[in-house]
Amino acid sequence: QVQLVESGGGLVQAGGSLRLSCAASGNIFSINVMGWYRQAPGKQRELVAAISSGGSTNYADSVKGRFTISRDNAKNTVYLQMNSLKPEDTAVYYCNLYSVIGGREYWGQGTQVTVSS
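Residues numbered from 1 in each chain as written. Predicted model: local features only at pLDDT ≥ 70, side-chain atom pairs only at ≥ 80, totals over all residues. Heavy atoms only, no water.

Overall, the coordinates contain one aromatic pair when judged by the stated rule. Summarising the aromatic geometry, the rings of Y37 and W107 are spaced 5.0 Å apart at their centres and angled 65° between planes, so their arrangement reads as edge-to-face. With a gap of 70 residues between them, Y37 in strand β4 (residues 32–39) and W107 in strand β10 (residues 104–107) connect regions that are remote in the sequence. Seen from the ring of W107, R45 lies directly overhead, with NZ or CZ sitting 4.7 Å from the centre. (Phe/Tyr/Trp six-rings, centres within 6.5 Å; stacked < 30°, edge-to-face > 60°. Helix = DSSP H or I, 4+ residues; strand = E, 2+ residues; numbered from the N terminus. Lys NZ or Arg CZ within 6 Å of the ring centre and 35° of its normal.)

What follows is the structure, encoded as structure tokens:
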């Protein structure tokens, strides 16, 4: 079993920055993908950014150039640096880990990000 705990959400003005962290614990296989999803009220959950254990990344077009995902494999922690935030970034952000071994997927509890105009 794997547990994910997010932190770093909050309220920020448009143009500001936040950094989200997600620490994983439990039976973590080394080959995995960690990422961030977000869900706004009335909308589908969408992938924001993901990073593999090898360091490959991908981003939603809406956040490219503004957000940066990174990870510390030794600490089993993934980060999302969010710059130049916009009101449309407002959502609950969820940490995700996909384990290649067994094809298992795990989710954090979510952290609220609110961007005011």
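Next comes the rest of the write-up.
This next bit is on the side chain of N96. Mapped onto the fold, N96 is located in strand β9 (residues 91–99). Within the local environment of N96, its side chain forms a polar contact with the side chain of E105, the two groups lying 3.2 Å apart. In this structure the side chain of N96 is engaged in a polar contact, spanning 3.4 Å, whose partner is the backbone oxygen of Y106. Those residues within four positions of N96 in sequence are excluded, and the remaining contacts are L4, V33, M34, G35, Y37, E105, Y106 and W107. (Polar contact = N/O pair within 3.5 Å; in protein donor to acceptor, adjacent residues only side chain to side chain. Contact = heavy atoms within 4.5 Å.)

So, about the sheet that holds strand β1 (residues 2–7). One open sheet accounts for four strands, arranged β1-β3-β8-β7; its pairing is antiparallel. Strands with a single pairing partner mark the edges of an open sheet, and in this sheet they are β1 and β7 (67–72). Neighbour-to-neighbour, the strand axes of the sheet open up by a mean angle of 15°, direction not taken into account. Of the strand pairs in this sheet, strand β3 (residues 18–26) and strand β8 (residues 77–82) are connected by six bridges, and their pairing is antiparallel. Following the sheet pairing, S21 is matched in β8 by Y79. (Pairing = 2+ DSSP bridges. Axes fitted to C-alpha atoms, helices over the stretch in contact; angles between N-to-C directions.)

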